[in-house]
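The lines below spell out each chain.
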Amino acid sequence: MSTESPAGTEPVLRLREVDIDRDEIPVVRGVSLDVAPGAVTVLLGANGAGKTTLMDGIAGLVRTTAGTIELAGRPVQKLPVYKRARAGVGYVEQARTTFRTLTVEQNLLVARAGAGDPDQVYRLFPELARRRTLQAGHLSGGEQQMLVLGRALVTDPKVVLVDEMSLGLAPLIVRRLMRVVGELAAAGLAVLLIEQFANLALDVGTHAYVLRKGRIVHDGPCADLRGRHELLHEYYFGSTTPDRAGPEPADHACDPHPLDTPIGGGTR
Ligand SMILES: Nc1ncnc2c1ncn2[C@@H]1O[C@H](COP(=O)(O)OP(=O)(O)O)[C@@H](O)[C@H]1O
Ligand SMILES: [Mg+2]
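Sequence order as written defines the numbering, with residues in each chain counted from 1. In the order they appear in the text, chains get letters beginning with A and ligands get numbers beginning with 1. Predicted model: local features are reported for residues with pLDDT of at least 70 only, side-chain atom pairs are reported and counted for 80 or more only, and whole-chain, interface and lining totals are derived from all residues. As a rule here, side-chain values come from all non-hydrogen atoms in the structure, and water together with hydrogens is ignored.

Chemist: What exactly am I supposed to notice about the coordination of the magnesium ion (ligand 2) here?
Modeler: Tetrahedral coordination by four donors sets the ideal angle at the metal to 109.5 degrees; octahedral coordination by six donors sets it to 90 or 180 degrees. Water is absent from the atoms considered, so a metal site may look incomplete; donors are defined as N, O and S atoms within 2.8 Å of the metal, or 3.2 Å for Na, K and Ca. For the magnesium ion (ligand 2), every protein donor is listed as T52 (OG1) and Q94 (OE1), and the spread of their distances is 2.0 to 2.4 Å. Linking T52 in helix 1 (residues 51-59) with Q94 in the loop between strand 6 (89-92) and helix 3 (104-112), this pair joins segments that are 42 residues apart in sequence. Exposure categories follow from relative accessible area, calculated using a 1.4 Å probe and restricted to protein chains: below 20% of the type maximum is buried, above 50% is exposed, and the middle band is partly exposed. Its relative accessible area of 23% is what places T52 among the partly exposed residues. Take Q94: its relative accessible area is 25%, and that puts it in the partly exposed class. Each helix is a run of H or I in the DSSP string that is no shorter than four residues. Each strand is a run of E no shorter than two, and both are numbered from the N terminus.

Chemist: What should I look at first to understand the site of ligand 1 in this one?
Modeler: The criterion for a residue being near a molecule or strand is simple. One of its heavy atoms has to lie within 4 Å of it. The environment of ligand 1 is formed by R22, D23, V27, A46, N47, G48, A49, G50, K51, T52 and T53. As used in this structure description, the phrase polar contact means that two N or O atoms lie within 3.5 Å; if the pair is within protein, one of them must be able to donate a hydrogen and the other to accept it, and residues adjacent in sequence are counted only when both atoms belong to side chains. Measuring from an oxygen atom of ligand 1, one finds a backbone N or O atom of G48 at 2.7 Å. In the model, an oxygen atom of ligand 1 is placed 2.8 Å from a nitrogen or oxygen of the T52 side chain. Contact with the protein chains covers 59% of the free accessible surface of ligand 1, which is 550 Å². Looking at the shell around ligand 1 element by element, the count peaks at three residues for helix 1. Of the residues contributing to the shell around ligand 1, the split by class is three nonpolar, five polar and three charged. Each accessible area is a Shrake-Rupley estimate made with a 1.4 Å probe; only the visible protein chains count as cover when residues are assessed. Polarity classes work like this: nonpolar for Ala, Val, Leu, Ile, Met, Phe, Trp, Tyr, Cys and Pro, charged for Asp, Glu, Lys and Arg, and polar for all others, with Gly in that last group.

Chemist: I would appreciate a short explanation of the sheet that holds strand 3 (residues 39-44) in the present structure.
Modeler: Paired through backbone hydrogen bonds, the strands of a sheet run either parallel or antiparallel to each other. Any two strands between which DSSP finds at least two bridges are classified as paired. An order of 6-7-8-3-9-10 is seen for the six strands of this open sheet, with the pairing classed as mixed. Sheet topology places strand 6 and strand 10 (215-221) at the edges, where each strand pairs with a single neighbour. With direction set aside, neighbouring strand axes in the sheet form an average angle of 20 degrees. The pairing of strand 6 with strand 7 (residues 159-163) spans four bridges and is classified as parallel. The convention used is that axes are lines fitted to C-alpha atoms, helices contributing only their stretch in contact, and that angles between N-to-C directions extend from 0 to 180 degrees.

Chemist: Even after reading the chapter, I still don't get a positive patch on the surface, so can you show me in this structure?
Modeler: Patch membership requires over 30% relative accessible area and the absence of a salt bridge. Like charges are linked within 9 Å, and nonpolar side chains (Val, Leu, Ile, Met, Phe, Trp, Tyr) within 5 Å. Whenever Lys or Arg places a side-chain nitrogen within 4 Å of a carboxyl oxygen from Asp or Glu, that contact is recorded as a salt bridge. Just so you know, the count uses Lys and Arg for positive and Asp and Glu for negative, and it drops His and the chain ends. By convention, the point assigned to a charge is CZ for Arg, NZ for Lys, CD for Glu and CG for Asp. Together, R74, K83, R86 and K158 line one region of the surface with positive charge. R86 sits in the exposed class, given a relative accessible area of 67%.

Chemist: I would appreciate a short explanation of the sheet that holds strand 5 (residues 74-75) in the present structure.
Modeler: Strand order in this open sheet of four strands is 2-1-4-5, and the pairing throughout is antiparallel. Of all strands in the sheet, those bounded by a partner on one side alone are strand 2 (25-35) and strand 5. Alignment of strand 1 (residues 13-22) against strand 2, held across seven bridges, turns out to be antiparallel. Counterpart to L15 in the pairing with strand 2 is L33. A contact between two residues is defined here by any heavy atoms of the two lying within 4.5 Å. Sheet strands in contact with helix 1 are strand 1, strand 2 and strand 4 (64-71), and its direction is about 115 degrees off that of strand 1.

Coordinates in, geometry out; function isn't part of it.
Written out as structure tokens, the structure is:
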């Protein structure tokens, strides 16, 4: 396990030997990872590997039973969720939705809590600026996800945890969102990205970790994994014989240029 930050700079987020249980069942074991500023760090793994549980543990939604979580050099593993958010952990939760009866602008202002700037979000997503007075419930799926990401950004986070933004979205929108995630990192933010379309994540990412049954089984540059489906399959499932590439998600089934197939199937 490397102790050097992936991008060669001091990591914003540093986990060491973290354990997390769910209902007293071990789900995450001995996880150490670094998330550097100015880069996208990718967290891959099959369904049920413990990726979401790990992010929940970082954000403080579940308790860690061992190990340390440092944010900008300060241990936060004992802090309640709101204090971690205030300290700079932004979390785009899997399947998170907007406040549907509030307008786009109200959604951003509610999340902002004094810091951050909705205009920054409008610059990233001009379609949200055009719809700022519209109730969020009337947005398209892609725009909703942009708003969910925007709500994490207006808290002015040091690190953003992004869990499977692509769920149920059209390929074009997913690529757009990935591009924005890349731009955010290029602007200096630290991003930890979970994405079932591994190759999309590896394209935008710098460093990758693969989680299998709650443990890190691979820790290295994204470049080492790009296009290497068999290797990824081995890391995901511990075997070198891919049975099949996994089901095509329904939303992408008719697309003539489908995104990379999620290894081992998606969560939808
Ligand atoms: N809220 C929960 N309560 C109990 N068990 C859970 C809960 N969430 C997830 N788990 C269990 O933890 C394991 C890891 O799940 P999860 O972290 O969602 O994995 P992933 O995000 O990699 O698909 C699974 O066995 C799942 O059933
Ligand atoms: Mg998950």
